[in-house]
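Each chain, letter by letter, is given below.
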Amino acid sequence: MKQLKKLKTGDGSFTFVSEEFGETYHSVSGAEEEAIKKYAEPTNIVELAKKGTVRILDFCFGIGYNSAAAIDAALAVNPDCKIRIVGLELDESLSEKLKELSPKFKSYEIIKNIKNNNYKNENIHISLVFGDAKQTIQDISEEFDICFFDAFSPKTQPDMWSEEVFKDVCAKLKVGGLLATYSCATHVRINLVRAGFDVKDGPCIGRRAPSTIATKLF
Ligand SMILES: C[S@@+](CC[C@H](N)C(=O)[O-])C[C@H]1O[C@@H](n2cnc3c(N)ncnc32)[C@H](O)[C@@H]1O
């Protein structure tokens, strides 16, 4: 199992620190807060849920905080909402490690109950696909409303933030679909635009710089 240290963040919730990548899984200012404010809230989940369906590509699923925040947000406005999540992730050992965590998300029990890379009930269907997301995304043949893009930083993983990867993500989104990411780096935004997105500032949470919300144009 990879070495992961538990770390308490500014909002009292815990995240992990990856020794391999030398980075935390979430913002140290608040792990739960980041999942809610930078991913679940600015991606139209409430509006989609009211209409009945939310489809999310969780690019770098990690310990599932972003997905859990999204499920909570959708079920809060429509308990009968159909939710489809495909999570792309490299590290299979996380499925065991996340059992050490008890974030406040009501739906975290669902994340903990993903068995054999799948969870399915009447309304919620989650599939995890393990491997290098740059490759595994090629085999995804579904369309999504939203992508949560949450790789380690562009400095640490420059290959994840390329125009080519964003083109592959863009191809999986419906027109008008949204990509949310914590990074606002200029070259990241340039690559998003080259891949077919319009970009704007997302919320500033926990640090001065904003996150990024990108919309698939056509
Ligand atoms: C910042 S964390 C993601 C946190 C996650 N979104 C959450 O809410 O818990 C980055 C994740 O990317 C994964 N990762 C790193 N390289 C990857 C790759 N090439 N393909 C897929 N996942 C990768 C890491 O294992 C880690 O779980």
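Before any of the text, the structure's been laid out above.
If you're wondering where the values come from, they're calculated on a predicted model, not measured in any experiment. (Residues numbered from 1 in each chain as written. Predicted model: local features only at pLDDT ≥ 70, side-chain atom pairs only at ≥ 80, totals over all residues. Heavy atoms only, no water.)

S.K.: Whenever I open this one, the site of the ligand confuses me. Can you help?
M.R.: The environment of the ligand is made up of 21 residues, and the closest members are Cys60, Glu89, Ala133, Asp150 and Gln157. Measuring from an oxygen atom of the ligand, one finds a side-chain N or O atom of His26 at 3.0 Å. For the ligand, an oxygen atom lies 2.5 Å from a polar atom in the side chain of Glu89. Its free accessible area being 600 Å², the ligand has 97% of it covered by the protein chains. (Near = heavy atom within 4 Å. Polar contact = N/O pair within 3.5 Å; in protein donor to acceptor, adjacent residues only side chain to side chain. Areas by Shrake-Rupley, 256 points an atom, 1.4 Å probe, with all protein chains shown as cover.)

S.K.: Where do I start with the sheet that holds strand β5 (residues 82-89) in this structure?
M.R.: Each strand in a sheet pairs with its neighbour through backbone hydrogen bonds, running either in the same direction (parallel) or in the opposite one (antiparallel). Spatial strand order, β6-β7-β5-β4-β8-β9-β11-β10: 8 strands in an open sheet with mixed pairing. Among the strands making up the open sheet, the edge pair consists of β6 (118-120) and β10 (197-201). Averaged over all pairs of adjacent strands, the angle between their axes in this sheet comes to 15 degrees, without regard to strand direction. Relative to strand β7 (residues 124-130), β6 is paired through 3 bridges, and the arrangement is antiparallel. Among the inter-strand pairings, Asn118 is bridged to a residue of β7, identified as Ser127. In the packing of helix α3 (residues 65-77) onto the sheet, contacts are made with β4 (53-59), β5, β7 and β8 (144-149), and the angle to β5 comes to roughly 175 degrees. Relative to the sheet, helix α8 (residues 186-194) contacts β9 (173-181), β10 and β11 (212-216), its axis offset from that of β10 by approximately 145 degrees. (Pairing = 2+ DSSP bridges. Helix = DSSP H or I, 4+ residues; strand = E, 2+ residues; numbered from the N terminus. Axes fitted to C-alpha atoms, helices over the stretch in contact; angles between N-to-C directions. Contact = heavy atoms within 4.5 Å.)

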